[in-house]
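One letter stands for each residue in the lines below.
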Amino acid sequence: MGMGGRAVVADEQSTEPVTGRRWLVIAAASAVVVVVTYLVAVWTVGGQTLENAALRGADQVTNDDLDTANRALNAITISSLAVAVVLVAAVALLRRRIDLAIAGVGVIVLGQVITQTLKRFALPRPPLVHVVGDYSQNSFPSGHTTIAMTVLFAAIIVIPHRWRGITLLVVLTWATGIGAYTVTAKWHRFSDTLGGDAIALLCASLAAWWLSRRGAVGVVTGPRRRGRLVLVAVVVASTVLLLVLGVILWGVPLARGTDLAHADPAQDSTAYLGAHALAAACSGVAALVFWWSWRGREVTARR
């Protein structure tokens, strides 16, 4: 199928078969991230202490920043999620691929089934440290982060290759910013957003693997687009910058043995800024990983 000067080659015609192994590896790694994050952040005194300090630090954000975060989060409703599901399914059906619609919608639905089940029934938050304020409620993983990232990943799956770059330009900033907004609004901790990122990546990778097993994924040949390379460079640079900033803001106080159990405005603000940066950065990492997994890959024309 010709697509703007690029050709999509089906599996059996390709010199590089699309086996889907990469997506199984990513899915397995994502599951490990969920487990490790939960155990380290939720079931250790150090993890709870650090993230409680970040929540206290969020009390210092400006009213404008808080209003912006709340507006972005409150825009995610059952109705808006239903609209996203319909749009994903519509794009897939316009391409005359029912299996593509199942995969795209399945990523979003499965992400919420897993997240809500884990949060509400399977993953408690034990009271390991004394806290002042309502910081002890269970919130792992973040449902809002899962929604945002699964919508992004579903778009990557269903959108044709030639439109993937512009779609990411529109959706990526919103999706990767939701996790950071949940920290600003004190709806979630950084670990909650990381768990949401990993669950979304797990679901999307399983959907991509399923499509590849059906022989629905082929190799795209042709010259690379400069605009897409520039977009990748910008996303990588900003993600690395945020990741380094978050590691420094959290790593330096921890290396110095700073006591974060007691409220201190300066220390709490540093902990919050680190959590905010890491939440955005890890969403960016998840987006880049899934984007990379589809590099040179496309759903083939209906046979």
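Residues numbered from 1 in each chain as written. Predicted model: local features only at pLDDT ≥ 70, side-chain atom pairs only at ≥ 80, totals over all residues. Heavy atoms only, no water.

Student: Can you break down the overall build of the protein residue by residue, with the values?
Tutor: Secondary structure summary: the protein contains ten helices and four strands in total. Seen in sequence order, the protein has helices and strands lined up from the N terminus as β-β-α-α-α-α-α-α-α-α-β-α-α-β. In the protein, which comprises 303 residues, the share counted as buried stands at 53%. Nonlocal contacts in the protein, meaning residues at least 24 apart in sequence, comprise 87% of its contacts between residues at least 6 apart. A total accessible area of about 14,200 Å² is found for the protein, and carbon and sulfur atoms account for 67% of it. (Helix = DSSP H or I, 4+ residues; strand = E, 2+ residues; numbered from the N terminus. Buried < 20%, exposed > 50% of the residue type's maximum accessible area, 1.4 Å probe, protein only. Contact = heavy atoms within 4.5 Å. Areas by Shrake-Rupley, 256 points an atom, 1.4 Å probe, with all protein chains shown as cover.)

Student: Run through the nonpolar core, naming residues and quoting values.
Tutor: Residues Met149, Leu152, Phe153, Ile157, Leu211, Phe290 and Trp294 are the most contacted members of the largest nonpolar core, which totals 61 residues. Per element, the largest residue contribution to this core is eleven residues, and it comes from helix H6 (residues 143-158). For Trp294, the residues in contact, after removing those within four places along its chain, are Trp23, Ile156, Ile157, Arg164, Ala208, Val217 and Val299. The next biggest cluster of nonpolar side chains, apart from the first, holds 18 residues, and it includes Ala53, Trp250, Tyr272 and Cys282. (Core = buried A, V, L, I, M, F, W, Y, C linked by side-chain atoms within 4.5 Å.)

Student: Please give an account of the packing of aromatic side chains that cites residues and values.
Tutor: How two aromatic rings sit relative to each other is given by the distance of their centres and the angle of their planes. If you walk through the whole model with that rule in mind, you get four aromatic pairs. When the ring of Phe190 is compared with that of Trp250, the centres are 5.6 Å apart and the planes differ by 85 degrees; the resulting orientation is edge-to-face. Placement of the pair is Phe190 in helix H8 (residues 190-213) and Trp250 in helix H9 (residues 226-255), with a sequence separation of 60 residues. Like Phe190, the residue Trp250 is buried in the burial classification. Directly above the aromatic system of Trp292 lies the positively charged group of Arg22, at a separation of 5.0 Å from the ring centroid. (Phe/Tyr/Trp six-rings, centres within 6.5 Å; stacked < 30°, edge-to-face > 60°. Lys NZ or Arg CZ within 6 Å of the ring centre and 35° of its normal.)

Student: Break down the side chain of Thr182 for me, with residues and values.
Tutor: By the element assignment, Thr182 lies in helix H7 (residues 161-184). Overall, the relative accessible area of 0% leaves Thr182 in the buried class. Separated by 2.6 Å, the side chain of Thr182 and the backbone oxygen of Gly179 make a polar contact. Beyond its immediate stretch of four places on either side in the chain, Thr182 contacts Leu73, Ser142, His144, Thr145, Trp187, His188 and Thr193. (Polar contact = N/O pair within 3.5 Å; in protein donor to acceptor, adjacent residues only side chain to side chain.)

Student: Describe the confidence of the model for the protein, and please don't skip the residues or the numbers.
Tutor: Averaged over the protein, the pLDDT score is 89; the fraction of residues at 70 or greater is 89%. Predicted confidence for residues 1-17 stays below pLDDT 50, and this span has 47 contacts to residues more than four positions away or in other chains. (pLDDT = per-residue confidence, 0-100.)

Student: Let's hear about the pattern of salt bridges: which residues, and what values?
Tutor: Tallying each qualifying case throughout the model produces seven salt bridges. Residue Arg95 is joined to Glu298 by a salt bridge in which the shortest nitrogen-to-oxygen separation is 3.4 Å. Separated by 203 residues along the polypeptide, Arg95 in the loop between helix H4 (78-94) and helix H5 (98-122) and Glu298 in strand S4 (residues 297-299) bring together distant segments of the chain. The partner of Asp99 in a salt bridge is Arg214, and the shortest N-O contact between them spans 3.3 Å. Pair noted here: Asp99 is in helix H5 and Arg214 is in the loop between H8 and strand S3 (217-221), with a separation of 115 residues, a long-range link. Connected through shared salt-bridge partners, Arg95, Arg164 and Glu298 make up one network. (Salt bridge = Lys/Arg side-chain N within 4 Å of Asp/Glu carboxyl O.)

Student: With reference to specific residues and values, describe H7.
Tutor: Taking 1.5 Å of rise per residue, 24 residues should cover 34 Å, and H7 covers 35 Å from first to last C-alpha, within 8% of that figure. At Val171, H7 shows its largest bend, some 40 degrees. Positive backbone phi, approximately 65 degrees, marks Lys186, located one or two places after H7. (Expected span 1.5 Å × (residues − 1). Bend = angle between axes of the 7 residues up to and from the residue.)

Student: Just give me the short version of unusual backbone geometry, but keep the residues and values in it.
Tutor: Here the residue pair Phe140 and Pro141 is connected by a cis peptide bond, since its omega of -5 degrees sits within 30 degrees of zero. Relative to the helices and strands, Pro141 is located in the loop between H5 and H6. Unlike most non-glycine residues, Arg96 shows phi in positive territory, near 60 degrees. By the element assignment, Arg96 lies in the loop between H4 and H5.

Student: Could you give an account of the packing of H6 against H8, with specific residues and numbers?
Tutor: Where H6 meets H8, the axes come as close as 8 Å, and the angle between the chain directions of the two elements is 25 degrees. Taken together, the axes of H6 and H8 are roughly parallel relative to one another. Judged by the sense of rotation from one axis to the other, the crossing of H6 with H8 is right-handed. Here Thr145, Thr146, Met149, Thr150, Phe153 and Ile157 of H6 come into contact with H8, specifically with Thr193, Gly196, Asp197, Ile199, Ala200, Leu201, Ala204, Ala207 and Leu211. Considered class by class, the residues forming the contact of H6 with H8 number nine nonpolar, five polar and one charged. (Axes fitted to C-alpha atoms, helices over the stretch in contact; angles between N-to-C directions. Parallel < 35°, antiparallel > 145°, perpendicular 65-115°, else oblique. Left-handed = near helix turned anticlockwise from the far one by under 90°. Nonpolar A, V, L, I, M, F, W, Y, C, P; charged D, E, K, R; others polar.)

Student: Run through the packing of H6 against H7, naming residues and quoting values.
Tutor: Geometry of a packed helix pair, given as the angle between the helix axes and the separation of the axes. For the pair H6 and H7, interaxial distance at closest approach is 8 Å and the crossing angle is 170 degrees. What the angle tells us is that H6 and H7 run roughly antiparallel. Contacts between H6 and H7 involve His144, Thr145, Ala148, Met149, Val151, Leu152, Ala155 and Ile156 from the first element and Arg164, Thr167, Leu168, Val171, Leu172, Trp174, Ala175, Ile178, Gly179 and Thr182 from the second. Broken down by class, the residue content of the contact of H6 with H7 amounts to twelve nonpolar, five polar and one charged.

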